[in-house]
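# Descriptive analysis of the structure
Given next are the chains, with one letter for each unit.
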Amino acid sequence: MEKNIENIVSVSSLPGLYYLESSRSNGLIIKDMDSGVKQFVSVRKHQFTPLRSIAIYTYSDSTPIEDIFKTMVEIKQDHNISELLKASNNDLANYFRIVLPEYDEDRVYPSDMKKVLKWFDFLDKRDFFSLNAETNEKSTSEDIGEEE
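In what follows, the accompanying structure is described. Note that this is a predicted model, so its numbers are computed, not measured.

## Focus on the overall build of the protein chain
Scanning the protein chain from N- to C-terminus turns up 5 helices and 7 strands. Listing the helices and strands of the protein chain from first to last along the sequence gives β-β-β-β-β-β-β-α-α-α-α-α. Across the 148 residues in the protein chain, those meeting the buried criterion constitute 34%. For the protein chain, long-range pairs separated by at least 24 residues make up 50% of all intrachain contacts whose partners lie at least 6 apart in sequence.

## Details of the sheet that holds strand 1 (residues 8-11)
One open sheet holds the 5 strands; their spatial order is 4-3-2-1-5, and the pairing between them is antiparallel. Single-partner strands in this sheet number two, and they are strand 4 (38-42) and strand 5 (48-50). Shown here is a sheet whose adjacent strand axes are inclined to one another by a mean of 45 degrees, direction ignored. Bridge analysis of strand 1 against strand 2 (residues 17-24) gives 3 bridges, and the strand direction is antiparallel. Bridge pairing in strand 2 places Val 9 opposite Tyr 18.

Procedures and definitions
Residues numbered from 1 in each chain as written. Predicted model: local features only at pLDDT ≥ 70, side-chain atom pairs only at ≥ 80, totals over all residues. Heavy atoms only, no water. Helix = DSSP H or I, 4+ residues; strand = E, 2+ residues; numbered from the N terminus. Buried < 20%, exposed > 50% of the residue type's maximum accessible area, 1.4 Å probe, protein only. Contact = heavy atoms within 4.5 Å. Pairing = 2+ DSSP bridges. Axes fitted to C-alpha atoms, helices over the stretch in contact; angles between N-to-C directions.

This is the structure:
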């Protein structure tokens, strides 16, 4: 299965993130990212948030979380995400000014920032971003090869 953000969901009252395997009228079949165990989760008990649908408010519009993750990957060596999860609200705001300078400080709360950091940390610990970079490099080199 190709790893992309389109297939990843957050499920209320369940920790972490999950791969979306399939959907039914009464719920979703999700797969644990670590164990690969599949389970059915009912819409009657849970709410689902596809990561693809999440964006952070800016003063002019909003920025998709995928773009924010790309920036976080680029500056990852300069910041310890695990430390930031324990940091003060002021430190979180300073970090977000680096990641997304135009984020709307009135509508983006520290809890939102922590959630983005937790999701990033969760995916990063599972090498999600390095796998995507390898996939993108392969497809780019294949595209170049086809043009020659």
